[in-house]
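Fold and geometry: a report
So the chains spell out like this:
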Amino acid sequence: MRDMLLIALFAFLGAAGAGLLGAGTLWLIRRRSLTASLAVVAAVGVTAMLAGTLAVAWAMFLSSHDLTVVTTVVAMAAVVSLATALLLGRWVVARSRDLTLAARSFGDGGDFAAPGGPATAELAALGRELAATSVRLAESRDRERALETSRRELVAWISHDLRTPLAGLRAMSEALEDGVAADPNRYLRQMRTEVERLNDMVGDLFELSRIHAGSLALSPSRVSVYDLVGDALAGADPLAREYGVRLVGDRVEPVPVEVDGKEMSRVLGNLLVNAIRRTPADGTVAIAAERSDHGVVLSVTDGCGGIPEEDLPRVFDTGWRGSHARTPPAGAGLGLAIVRGIVEAHQGRAAVHNVPGGCRFEVTLPLAGPALSAR
């Protein structure tokens, strides 16, 4: 038993010495290639075995012939191990180099494609992660381009829409100043109308900036969609009369929702105003509120004749007004963008679909939870 313990001790000391030497070598070459590290690891394993064997052979006083045989066997094992480690290292490094070259496409705006051929589990997982990252980057670039296009269009349209009322205000003020206005009171009323229009545009811009900045503060309370729709119809009725459009709200269920009443009234008001302005005289704008599997669906259906299919995905984009909406009454194209922002802030969603003769805007809101009884 004592001899076995001594053999184990000598083998451990020899192997430990080789291990410490290999650890120091790995630390020195830690910034070198993976091939060098694998070669060192293989060499450490063989050297540890050789050192332990020689220590045991010296302690047991083996003959020189036996010691030569043992050393030769270990040396052959070392040669094979080092060759295998070098081949494995070169293969892994080549695969890593392929991944590096493929990943360079990120910076060029291209798509990542993992190199073909077998790979280790770690490199395969890295390739899959790089591919997923490439998809996310491509989506991010598309969103950035769309937002930049939307911002450019918004600036152009806002500039156009601001220039028109400002030019009118300047002309009317000069006419009043020069005393050439035939009906000063009519000029003053028109100036007030233009100022109100400018104020509405500034208010829409401020609201949209709060939505994009994530600083839209909501004060939700439990209300019935019946009351929301009734208030919205009452507010839009004068405009509907002016345009000769009939408002209909006969499919409104008294379903409770948890919303900010002021902001949601703005949503319904924007949808109704948008529908009235795009519905021809003697047309009908219908509003409905129904319970569905996904919550409460508020819908506004107009008689605009429909929206081109290629424009449907852009309807709620900032600045979108459609090809026929370049006239001043159409506003700056912010109303529907505000609608989507407010609805999404309520954890809902906004959508639009074409229907026979027009289109239907839908706002889906989550149902309110059960009311708590007072104790």
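Residues numbered from 1 in each chain as written. Predicted model: local features only at pLDDT ≥ 70, side-chain atom pairs only at ≥ 80, totals over all residues. Heavy atoms only, no water.

**Observations concerning the sheet that holds strand β5 (residues 295-301)**
Strands sit in the order β2-β4-β5-β7-β6 across an open sheet of five strands; the sheet is mixed. With partners counted over all chains shown, the strands left at the sheet margins are β2 (246-252) and β6 (349-355), one partner each. Along the sheet, successive strands turn relative to each other by an average axial angle of 20 degrees, direction set aside. Pairing between strand β4 (residues 284-292) and β5: seven bridges, direction antiparallel. Each residue of the ladder has a partner; that of Ser292, found in β5, is Gly295. (Pairing = 2+ DSSP bridges. Helix = DSSP H or I, 4+ residues; strand = E, 2+ residues; numbered from the N terminus. Axes fitted to C-alpha atoms, helices over the stretch in contact; angles between N-to-C directions.)

**So, the nonpolar core**
One finds Val267, Leu271, Leu298, Phe316, Val352, Phe361 and Val363 to be the most contacted residues of the largest nonpolar core, which totals 45 residues. If you look at the next biggest cluster of nonpolar residues, it comprises seven residues, including Met172, Ala181, Tyr187 and Leu198. (Core = buried A, V, L, I, M, F, W, Y, C linked by side-chain atoms within 4.5 Å. Buried < 20%, exposed > 50% of the residue type's maximum accessible area, 1.4 Å probe, protein only.)

**Observations regarding the pairing of strand β7 (residues 358-365)**
Burial runs high along β7: seven of the eight residues are buried. With six bridges joining them, β5 and β7 adopt antiparallel strand pairing. Following the sheet pairing, Val296 is matched in β7 by Leu365. Where β6 meets β7, seven bridges bridge the pair, whose relative direction is antiparallel. Looking at β7, one finds that Ala350 is bridged to Val363.

**Focus on the confidence of the model for the chain**
Per-residue pLDDT for the chain averages 78, and the proportion of residues at 70 or more is 82%. Of all secondary-structure elements in the chain, the lowest mean pLDDT belongs to helix α2 (residues 34-60), at 70, while β7 reaches the highest, 92. Scored below 50 in pLDDT, residues 371-375 shows one contact in the model against residues more than four places distant or in partner chains. (pLDDT = per-residue confidence, 0-100. Contact = heavy atoms within 4.5 Å.)

**A few points about unusual backbone geometry**
Here the phi dihedral of Asp282 falls at roughly 70 degrees; this positive angle occurs in a residue that is not glycine. Inspection of the secondary structure assignment puts Asp282 in the loop between α7 (261-277) and β4. Given a relative accessible area of 74%, Asp282 falls into the exposed group. Backbone geometry places Gln347, a non-glycine residue, at a positive phi of 65 degrees. Topologically, Gln347 is positioned in the loop between α8 (335-345) and β6. On the basis of relative accessible area, Gln347 is assigned to the exposed category, the value being 67%.

**As for α8**
For α8, the set of buried residues is Leu336, Ala337, Ile338, Val339, Gly341, Ile342 and Val343. For α8, the secondary structure elements touched by its buried residues are α5 (184-213), α7, β6 and β7. Among the residues trailing α8, Gln347 stands out with phi positive, at a value near 65 degrees.

**Focus on the pattern of salt bridges**
For the structure on display, the rule yields five salt bridges. Glu174 is the partner of Arg170 in a salt bridge, and the nearest nitrogen-oxygen pair spans 3.3 Å. Of this pair, Arg170 and Glu174 are both found in helix α4 (residues 121-178), four residues apart, which corresponds to roughly one turn of the helix. Residue Glu174 is classed as partly exposed on the basis of its relative accessible area, which comes to 37%. Notably, a salt bridge pairs Arg360 with Glu362, separated by 2.9 Å at the nearest N-O pair. (Salt bridge = Lys/Arg side-chain N within 4 Å of Asp/Glu carboxyl O.)

**A look at the packing of aromatic side chains**
Tallied over the entire structure, the rule returns one aromatic pair. When the ring of Phe316 is compared with that of Phe361, the centres are 6.0 Å apart and the planes differ by 85 degrees; the resulting orientation is edge-to-face. You can see Phe316 sitting in the loop between β5 and α8 and its partner Phe361 sitting in strand β7, a full 45 residues away along the chain. Each of the two residues, Phe316 as well as Phe361, counts as buried. (Phe/Tyr/Trp six-rings, centres within 6.5 Å; stacked < 30°, edge-to-face > 60°.)

**Regarding the side chain of Glu362**
Considering the arrangement of structural elements, one finds Glu362 in strand β7. On the accessibility criterion, Glu362 (18% relative accessible area) is buried. A distance of 2.9 Å separates a polar atom in the side chain of Glu362 from a polar atom in the side chain of Arg360. Excluding residues within four positions of it along the chain, Glu362 makes contact with Val297, Leu298, Ser299, Arg349, Ala350, Ala351 and His353. (Polar contact = N/O pair within 3.5 Å; in protein donor to acceptor, adjacent residues only side chain to side chain.)

**A short note on a nonpolar patch on the surface**
The grouping of Leu9, Phe12 and Leu13 at the surface amounts to a nonpolar patch, some 320 Å² of accessible area in total. In this fold, Leu13 is placed in helix α1 (residues 2-28). By relative accessible area, Leu13 is classed as partly exposed at 48%. (Patch = residues over 30% accessible without salt bridge, like charges linked within 9 Å, V, L, I, M, F, W, Y side chains within 5 Å. Areas by Shrake-Rupley, 256 points an atom, 1.4 Å probe, with all protein chains shown as cover.)

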